[in-house]
Amino acid sequence: MRQYLDLCQRILDEGVWVDNKRTGKRCLTVIDADLTYDVAANHFPLITTRKSFYKAAIAELIGYIRGYDNAADFRALGTRTWDANANENSAWLNNPHRKGEDDMGRVYGVQGRSWQKPDGGHVDQLAKIVENLSNGIDDRGEILSFYNPGEFHMGCLRPCMHTHNFSLLGDTLYLTSFQRSCDVPLGLNFNQIQVFTFLAIMAQITGKKPGKAFHKIVNAHIYEDQLEMMRDVQLKRDPYPAPELKINPDIKSLKDLETWVTMDDFEVVGYQHHDPIQYPFSV
Ligand SMILES: Nc1nc(=O)c2c([nH]1)NC[C@@H]1CN(c3ccc(C(=O)N[C@@H](CCC(=O)O)C(=O)O)cc3)CN21
Ligand SMILES: O=c1ccn([C@H]2C[C@H](O)[C@@H](COP(=O)(O)O)O2)c(=O)[nH]1
């Protein structure tokens, strides 16, 4: 938790104001942040200086794993976080590739599970990684990439967390995740949970021990309308100790994740937190 607060403070101390054309807002911005999560010790990186809705963050991750392309499917899993990008951004609403209400297009998990090949076939990047890791293989290219510039025009948003690179050392699994753009008050609260949970769940279904997860962020920002709450409320609070994440041990395969898993299969133990803070969201 301390590393999150340090990043917030660093943005306040060293950040540079940058105009953002897509949202029409200014962001206080720093470049390059590294966060590390100890998944082996189960120190779940849940924000404690405000109430965090972690089930929504895990629901997003499961939706990516399943290759969802529709905000309604995300809602059914337990998160409304894609509603605005799917249905309220005028550039996407006017895009001829949008297939109707709730469509997100070829974003995130669609690329992860079904990257189009020039010959008409598809690549399932995640299935290949699970297969290799389960067999003890790390070919130094266990990479899940959502970043497909050739199809940016077919999706509502370019992926922010765009690459997850798994590594095996003996029977310990590591994850290095790359993020190009990070809304620190809102997005990072979710992204920390997702990087941690992704390593924990991949270790579980491939029969490995989880090690550490390394989260590398390029552009880390606070939107102008979030700044006051961050500076005057959240950063004035003292953090509580990290809680633990409990995952249903019956989840044993990618198929389980794709078929029957719900948010009831994830539970956080020992979560002490301050009151919620509602930060503005920029579409
Ligand atoms: N500007 C922006 N920031 C983001 O973090 C973001 C996007 N856009 N677009 C795509 C996804 C959607 N994400 C979101 C969207 C909404 C919340 C949000 O409103 N979180 C609330 C609680 C939500 C709930 O109750 O489930 C929060 O207080 O954390 C978080 C992440 C992350 N991403
Ligand atoms: O997982 C996510 C998804 C999105 N974000 C934030 C980062 C930016 O504030 C916006 C995306 O805007 P771009 O103009 O495409 O950079 O969403 C996040 O933090 N985490």
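As the structure is a prediction and not an experimental result, all values here were calculated from the model.

A. Broad picture of the state of the cysteines. Counted under the stated rule, the structure contains 0 disulfides. Lacking any disulfide linkage, C8 is separated from the closest cysteine sulfur, that of C182, by 9.2 Å. Considering cysteine sulfurs only, C160 is the nearest to C182, which forms no disulfide, with 8.3 Å between them.

B. Examining the site of ligand 1 more closely. Looking at ligand 1, there are 16 residues lining it, with R50, N85, D183, G187 and S282 nearest. Side-chain polar atom of D183 to a nitrogen atom of ligand 1: 2.8 Å apart, as the coordinates give it. Between G187 and ligand 1, the recorded distance is 3.3 Å, taken from a backbone N or O atom to an oxygen atom. Taking a 2 Å distance to the grid points as the criterion, the majority of the atoms of ligand 1 fall inside the largest pocket. Among the secondary structure elements, those contributing two or more residues to the shell around ligand 1 are α2 (54–66) and α8 (187–206). Looking at the shell around ligand 1, the element that brings in the most residues is α8, giving 3 residues.

C. The pattern of salt bridges, seen in detail. What the rule picks out here adds up to 17 salt bridges. Close ionic contact of R26 with E224 constitutes a salt bridge, the shortest N to O distance being 3.6 Å. Of the two residues, R26 sits in strand β2 (residues 25–38) while E224 sits in the loop between β8 (209–223) and α9 (227–232), which places them 198 residues apart along the sequence. Residue classification places R26 among the partly exposed positions, given a relative accessible area of 34%. For D124, the salt bridge identified is with R113, shortest N-O distance 2.8 Å. Taken together, the residues D124 in the loop between β4 (122–123) and α7 (125–134) and R113 in helix α6 (residues 109–114) connect sequence positions 11 residues apart. Relative accessible area serves as the criterion here: at 27%, D124 is assigned to the partly exposed category.

D. Expanded view of the UniProt feature "domain: Thymidylate synthase/dCMP hydroxymethylase" (unreviewed entry) in the protein. As recorded in UniProt, the sites labelled "domain: Thymidylate synthase/dCMP hydroxymethylase" (unreviewed entry) are residues 2–283. For residues 2–283, helix accounts for 32% and strand for 25%, while the C-alpha atoms at its two ends are 29 Å apart.

E. Broad picture of the layout of surface pockets. Taken as a whole, the largest pocket spans an internal volume of roughly 1,300 Å³. Those elements giving two or more residues to the lining of the largest pocket turn out to be β1 (16–20), β2, α2, α4 (83–87), α5 (90–93), β7 (172–183), α8 and β8. Per-class residue counts for the lining of the largest pocket are 22 nonpolar, 19 polar and 9 charged.

F. Fine view of the site of ligand 2. Inspection of the region around ligand 2 gives 14 residues, with R22, R180, S181, H221 and Y223 positioned closest. In the model, an oxygen atom of ligand 2 is placed 2.8 Å from a nitrogen or oxygen of the R22 side chain. Between ligand 2 and H221, the relevant distance is 2.7 Å, taken from an oxygen atom to a side-chain nitrogen or oxygen of the residue. For ligand 2, whose accessible area on its own is 460 Å², the fraction buried by protein is 87%. The pocket occupied by ligand 2, as judged from atoms lying within 2 Å of grid points, is the largest pocket. For the shell around ligand 2, the secondary-structure elements that each account for two or more residues are β7, α8 and β8. At 5 residues, the largest contribution of residues to the shell around ligand 2 is made by β7.

Parameters at a glance
Residues numbered from 1 in each chain as written. Chains lettered and ligands numbered in written order. Predicted model: local features only at pLDDT ≥ 70, side-chain atom pairs only at ≥ 80, totals over all residues. Heavy atoms only, no water. Disulfide = S-S within 2.5 Å. Near = heavy atom within 4 Å. Polar contact = N/O pair within 3.5 Å; in protein donor to acceptor, adjacent residues only side chain to side chain. 1 Å grid on protein atoms, 1.4 Å probe; cavity = no way out; pocket = protein on both sides within 12 Å on 5 of 7 lines; lining within 4 Å. Sits in = over half its atoms within 2 Å of the grid points. Helix = DSSP H or I, 4+ residues; strand = E, 2+ residues; numbered from the N terminus. Salt bridge = Lys/Arg side-chain N within 4 Å of Asp/Glu carboxyl O. Buried < 20%, exposed > 50% of the residue type's maximum accessible area, 1.4 Å probe, protein only. UniProt positions renumbered as here; feature names shortened; annotations may be inferred. Points joined across faces, edges and corners; volume = space filled by probe spheres on them. Nonpolar A, V, L, I, M, F, W, Y, C, P; charged D, E, K, R; others polar. Areas by Shrake-Rupley, 256 points an atom, 1.4 Å probe, with all protein chains shown as cover.

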